[in-house]
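# An overview of the molecular structure
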Amino acid sequence: MIKGIIGKKLGMTQIFNEQGQVVPVTVIQAGPCVVVQRKTTEKDGYDAIQVGFVDANGGKRASKAEKGHAEKKGVAPVRVLREFKIEAADAAKPGDSVLVSQFEAKVKVHVSGTSKGKGFAGVMKRHNFKGGRATHGSMFHRAPGSIGGSSYPSRVFPGMRMGGQMGNVQVTVRNLEIAKVDLENNLLLIKGAVPGPKGGYVVIKQEA
Amino acid sequence: MNIIDKLEQSLLRKDLPKIGPGDTVKVHVKVREGEKERIQIFQGTVIGIKGGGMRASFTVRKIASGVGVERIFPLNSPIVDKLEVLRHNKVRRAKLYFLRAKLGKAGRLKEIRQDA
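The shown structure was predicted, so the numbers you read here are calculated from the model rather than taken from an experiment. (Residues numbered from 1 in each chain as written. Chains lettered and ligands numbered in written order. Predicted model: local features only at pLDDT ≥ 70, side-chain atom pairs only at ≥ 80, totals over all residues. Heavy atoms only, no water.)

### Brief notes about the packing of aromatic side chains
Centre distance and the angle of the planes are the two values used to describe a pair of aromatic rings. All names here are of chain A. Convention followed: Classification of ring pairs uses Phe, Tyr and Trp, with its six-membered ring standing for Trp, and accepts pairs whose centres are within 6.5 Å; under 30 degrees between planes counts as stacked, over 60 as edge-to-face, and the remaining range as tilted. Counting from the N terminus, the helices are DSSP H or I runs at least four residues long and the strands are E runs at least two residues long. Only protein chains enter the area calculation, which uses a 1.4 Å probe; residues under 20% of their type maximum are buried, those over 50% are exposed, and those in between are partly exposed.
Scanning the entire structure with this criterion turns up three aromatic pairs over all chains. Ring plane angle 70 degrees and centroid distance 5.5 Å describe the contact between Phe53 and Tyr201, whose orientation is recorded as edge-to-face. Of the two residues, Phe53 is situated in strand S4 (residues 48–53) and Tyr201 in strand S12 (residues 201–206); the sequence distance between them amounts to 148 residues. The class for Phe53 is buried, based on a relative accessible area of 8%. Since its relative accessible area comes to 31%, Tyr201 is described here as partly exposed.

### Remarks on the sheet that holds strand S10 (residues 170–182) of chain A
Residues and elements named next belong to chain A. We apply this condition: When DSSP finds two or more bridges between a pair of strands, those strands are recorded as paired. The angle between two axes is taken between their N-to-C directions and runs from 0 to 180 degrees, where each axis is a line fitted to C-alpha atoms and a helix contributes only its stretch in contact.
The six strands are arranged S1-S2-S11-S10-S7-S12 in a closed barrel whose pairing can be described as antiparallel. With strand direction ignored, the average angle separating the axes of adjacent strands in the sheet is 50 degrees. Of the pairings in the sheet, the one linking S10 to strand S11 (residues 187–191) comprises four bridges and is antiparallel in character. Paired with Asp182 across the bridge in S11 is Leu187.

### As for unusual backbone geometry
Omega for the peptide link from Tyr152 of chain A to Pro153 of chain A comes to 5 degrees, which places this bond in the cis form. Mapped onto the elements, Pro153 of chain A comes out in the loop between helix H3 (123–127) and strand S9 (164–166). In this structure, Asn168 of chain A is a non-glycine residue whose phi angle is positive, near 60 degrees. With respect to the helices and strands, Asn168 of chain A occurs in the loop between S9 and S10. In this structure, Ser65 of chain B is a non-glycine residue whose phi angle is positive, near 40 degrees.

### A look at the interface of chain B and chain A
Filter applied, for reference: Whether two residues touch is decided by their heavy atoms; if any such pair falls within 4.5 Å, the residues are in contact. By buried area we mean how much accessible surface two parts lose on assembly, using a 1.4 Å probe and totalling the loss over both. What makes a salt bridge here is a side-chain nitrogen of Lys or Arg within 4 Å of a carboxyl oxygen of Asp or Glu, nothing more. Polar contact is defined as a pair of N or O atoms within 3.5 Å, subject to the rule that within protein one atom must be able to donate a hydrogen and the other to accept it, and that residues adjacent in sequence are counted only when both atoms are side-chain atoms. In this count, Pro and Cys sit with the nonpolar residues alongside Ala, Val, Leu, Ile, Met, Phe, Trp and Tyr, while Asp, Glu, Lys and Arg are called charged and the others, Gly among them, polar.
At the interface, twelve residues of chain B touch 16 residues of chain A. Interface area for chain B against chain A, summed over the two sides, is near 1100 Å², with a carbon-plus-sulfur share of 73%. Taken as a group, Ile3, Ile4 and Leu7 of chain B account for 43% of the area that chain B buries against chain A, more than any other trio of residues on that side. Inspection of the region where chain B meets chain A yields zero salt bridges. Put simply, chain B and chain A have one residue pair in polar contact (both at pLDDT 80 or more) between them. A per-element tally of the side of chain B that touches chain A places helix H1 (residues 3–11) of chain B first, with five residues. Of the residues that constitute the side of chain B that touches chain A, the class distribution is eight nonpolar, two polar and two charged.

### Section: the nonpolar core
Selection rule: Take the buried residues of types Ala, Val, Leu, Ile, Met, Phe, Trp, Tyr and Cys, join any two whose side-chain atoms come within 4.5 Å, and each joined set is a nonpolar core.
Of all hydrophobic cores here, the largest spans 27 residues; its most connected members are Ile5, Ile28, Val109, Val111, Leu188, Ile190 and Ile204 of chain A. Residues contacting Val111 of chain A, with those up to four places away along its chain left out, are Val171, Thr172, Val173, Leu176, Ile190, Val194, Pro195, Val202, Val203 and Ile204 of chain A. Core analysis: the next-biggest nonpolar cluster, separate from the first, contains twelve residues, Val29, Val46, Phe73 and Val80 of chain B among them.

### Some words on the sheet that holds strand S6 (residues 97–98) of chain A
Residue and element names in this part refer to chain A. Spatially, four strands are ordered S5-S4-S3-S6 in an open sheet, and the strand pairing comes out antiparallel. Two strands bound the open sheet, and with one partner strand each, they are strand S5 (80–85) and S6. Here S4 runs beside S5; their pairing, made up of six bridges, is antiparallel. By the bridge assignment, Phe53 is partnered in S5 with Val80. Sitting on the sheet, helix H2 (residues 64–73) is in contact with strand S3 (33–39), S4 and S5, with an inclination near 80 degrees to S3.

### Digging into the confidence of the model for chain B
In regions of low pLDDT, the predicted coordinates are not meant to be interpreted in detail. Applicable threshold: A score between 0 and 100, pLDDT records how confident the predictor is in each residue.
Summing up the model confidence of chain B, the mean pLDDT is 88 and the portion of residues at 70 or higher is 97%. With a pTM of 0.82, the predicted complex shows an ipTM of 0.75.

The structure is reproduced here in structure tokens:
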């Protein structure tokens, strides 16, 4: 089975490593998770497992559709579902648990999550443009400046960096090191920052 | 208590004595030289404690051959092997940065005696 799990970002803190150095870590409540559905090439066109993040309140707030889906597979209702691609020969079946025990300290993982939304942001915030000077009669402050020539090409090139929605998109941070695995409380301590707010859901994957 | 607080609580060092600003302390520091590890002693006055919980650190000031030397230690760091409080001094503020401007006898602090 591919090494992956769903987690909930709890926040950041710091710990000491063996050399006595301070390491900034993000604490992630990783699971316990459960396999809800096995997708196969014959039936679904690809091989994957659908994994659910086991609710603390036993799926009390799950919708009817979510309850129905879980009931059909014979597992407790879960609200957060994610898919992980697996090999066709994989023996994973609904009801199998997915735990932090698959990870160990020092390995590199990729963490994906939805970044914090910043709303409609200007070019200075969104693309790190420099802007103009604030004083001395300057009338050019946070504007983008020229976005292209008027006679030629007489159009704006696609992909021109401008203001717009910033954040609230899926972001993957690759090669983050696992600082510590807490099997007892299902916690993963990952070195560095991960996308999203506290309480946001992230997917942690270890590439083979 | 939330999970992060609990986690930090479990990582805090409980073997160190409580220190306050003005205390004269002896800090046993682990020093790594290549493969070997030895203990170095840094003795001086605690002139401030910063932060709390896992982030707490303290500053120790001493006069070494006429030059003021300050060293900042993370309170929960494993590099602090042992911490000894030699005496408690009477101080009226939390940060004793004014000691930096005092030379010689002017930089002395009055001891608080626990007996009596």
